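As a plain string of letters, each chain reads:
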Amino acid sequence: MSSYALYRGTTLGQALEQTLNDMEEEGLLPKSLISKVLNQFDKSMNKQISRLPKEKMNFCATQLLTYRYCDNVWTFILNNVTMRDPQRSFDEPIDKLKIVACDGRQTNLLQTMGQGPSKRVAHDDDDDSD
């Protein structure tokens, strides 16, 4: 099973990747283990995010700065966004909001937002050859 690697671009994902790279440079971890840790991070983040409550939220932006659709992933960057959900309204507008939307039903794709030589990475749950 493959999963989206969107969360590698988050603060937590970047910190994990930097720590693993530092440990590799010091000779504490082999490259194959680093790859397995990052793949497990992708799976765990996707699993936990899918368990969050699925409530609808309304938002209104004064400006759509950019949008992009690539490999079944939509990315929107909005300016001056006001958000509301059924229970509350947020007091202050958000200066800039980035929305990344993926089709969670397509498990054969792995998207990564991080900067690096490999934009697609395929991994298999049963592959222990690394």
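Since we're looking at a predicted model, the values are computed, not measured.

1. With respect to the overall build of the chain
Part 1 of the argument: When its secondary structure is counted, the chain shows 2 helices and 3 strands.
Part 2 of the argument: Reading the chain from its N terminus to its C terminus gives the helix and strand order α-α-β-β-β.
Part 3 of the argument: Counting over 130 residues, the chain shows a buried share of 21%.
Part 4 of the argument: If you take every contact in the chain between residues at least 6 apart in sequence, the share linking residues at least 24 apart comes to 52%.
Part 5 of the argument: Counting only carbon and sulfur atoms, one obtains 53% of the accessible surface of the chain, whose full area is about 9500 Å².

2. Considerations on the packing of aromatic side chains
Part 1 of the argument: Under the definition given, this model contains 2 aromatic pairs.
Part 2 of the argument: Ring centres 5.5 Å apart and planes at 10° place the aromatic pair Trp74 and Phe76 in the stacked group.
Part 3 of the argument: Looking at Trp74, the relative accessible area reads 36%, which means it is partly exposed.
Part 4 of the argument: These aromatic residues form a ring-pair network of at least three members: Tyr69, Trp74 and Phe76.

3. Side note on the pattern of salt bridges
Part 1 of the argument: In the structure shown here, the tally under the stated rule is 1 salt bridge.
Part 2 of the argument: With a closest N to O distance of 2.5 Å, Arg8 and Asp42 form a salt bridge. Within this pair, whereas Arg8 is found in the segment before helix H1 (11-25), its partner Asp42 is found in helix H2 (residues 31-50), the two being separated by 34 residues in sequence. Across this residue pair, the class does not change: Arg8 and Asp42 are buried.

4. Structural notes on the side chain of Arg8
Part 1 of the argument: What makes Arg8 buried here is its relative accessible area of 11%.
Part 2 of the argument: Side-chain polar atoms of Arg8 contact the side chain of Asn39, separated by 3.4 Å.

5. Details of the packing of H1 against H2
Part 1 of the argument: Remark: H1 packs on H2, axes separated minimally by 10 Å, with the N-to-C direction vectors making an angle of 170°. It follows that H1 is roughly antiparallel to H2 by the angle criterion. Listed contacts from H2 to Leu12, Gly13, Leu16, Glu17, Leu20 and Glu24 of H1 are Lys31, Ile34, Val37, Leu38 and Phe41.

6. Overview of a nonpolar patch on the surface
Part 1 of the argument: Residues Leu64, Tyr67, Tyr69 and Trp74 make up a contiguous nonpolar surface patch of about 460 Å² in total accessible area.
Part 2 of the argument: With 3 residues, strand S1 (residues 58-70) is the largest single contributor of residues to the nonpolar patch.
Part 3 of the argument: Among the structural elements, Tyr67 can be located in strand S1.

7. Description of the sheet that holds S1
Either a parallel or an antiparallel arrangement is found when strands of a sheet pair, and the pairing is made through backbone hydrogen bonds.
Part 1 of the argument: Strands sit in the order S1-S2-S3 across an open sheet of 3 strands; the sheet is antiparallel. Looking at strand neighbours, the two that pair on one side only are S1 and strand S3 (94-102), the edges of this open sheet. Strand-to-strand twist of the sheet, defined as the mean angle between neighbouring strand axes without regard to direction, takes the value 25°.
Part 2 of the argument: Sheet topology places S1 next to strand S2 (residues 73-84); 11 bridges connect them, and they run antiparallel. Following the sheet pairing, Ala61 is matched in S2 by Val81.

8. Considerations on the confidence of the model for the chain
Part 1 of the argument: Looking at the chain as a whole, the pLDDT averages 76, with 75% of positions reaching at least 70.
Part 2 of the argument: Predicted confidence in the chain is weakest over S3, with a mean pLDDT of 87, and strongest over H1, with 93.

Scoring rules and cut-offs
- Residue positions are given per chain, counting from 1 as you read along its sequence in written order.
- Restriction of local features to residues with pLDDT of at least 70 applies here, the model being predicted, together with a cutoff of 80 or more for giving and counting side-chain atom pairs; totals for whole chains, interfaces and linings are based on all residues.
- Only hydrogens and water are removed before side-chain values are computed, so all heavy atoms of the structure are retained for them.
- Elements are defined by DSSP. Helices are runs of H or I of four residues or more, strands are runs of E of two residues or more, and each kind is numbered from the N terminus.
- When accessible area is computed with a 1.4 Å probe and restricted to protein chains, residues below 20% of their type maximum are described as buried, those above 50% as exposed, and intermediate ones as partly exposed.
- In what follows, residue pairs with any heavy atoms lying within 4.5 Å of each other are defined as contacts.
- All accessible-area figures derive from a Shrake-Rupley calculation using a 1.4 Å probe, and residue coverage is judged against the displayed protein chains alone.
- Only the six-membered ring of Trp is used, alongside the rings of Phe and Tyr, when aromatic pairs are assigned; centres must lie within 6.5 Å, and planes under 30 degrees apart are stacked while those over 60 apart are edge-to-face, with the rest tilted.
- Salt bridges, as used here, are contacts in which a Lys or Arg side-chain nitrogen is within 4 Å of a carboxyl oxygen on Asp or Glu.
- Nitrogen and oxygen atoms within 3.5 Å of one another constitute a polar contact, given that in protein one can donate a hydrogen and the other can accept it, and given that sequence-neighbouring residues count only through two side-chain atoms.
- Angles here are taken between N-to-C directions and fall from 0 to 180 degrees, while the axes themselves are lines fitted to C-alpha atoms, restricted in helices to the stretch in contact.
- An angle below 35 degrees is read as roughly parallel, one above 145 as roughly antiparallel, one from 65 to 115 as roughly perpendicular, and any other as oblique.
- Any residue with relative accessible area above 30% and no salt bridge may belong to a patch, with like charges joined within 9 Å and the nonpolar Val, Leu, Ile, Met, Phe, Trp and Tyr side chains within 5 Å.
- When DSSP finds two or more bridges between a pair of strands, those strands are recorded as paired.
- The quantity known as pLDDT measures the predictor's confidence residue by residue, on a range of 0 to 100.

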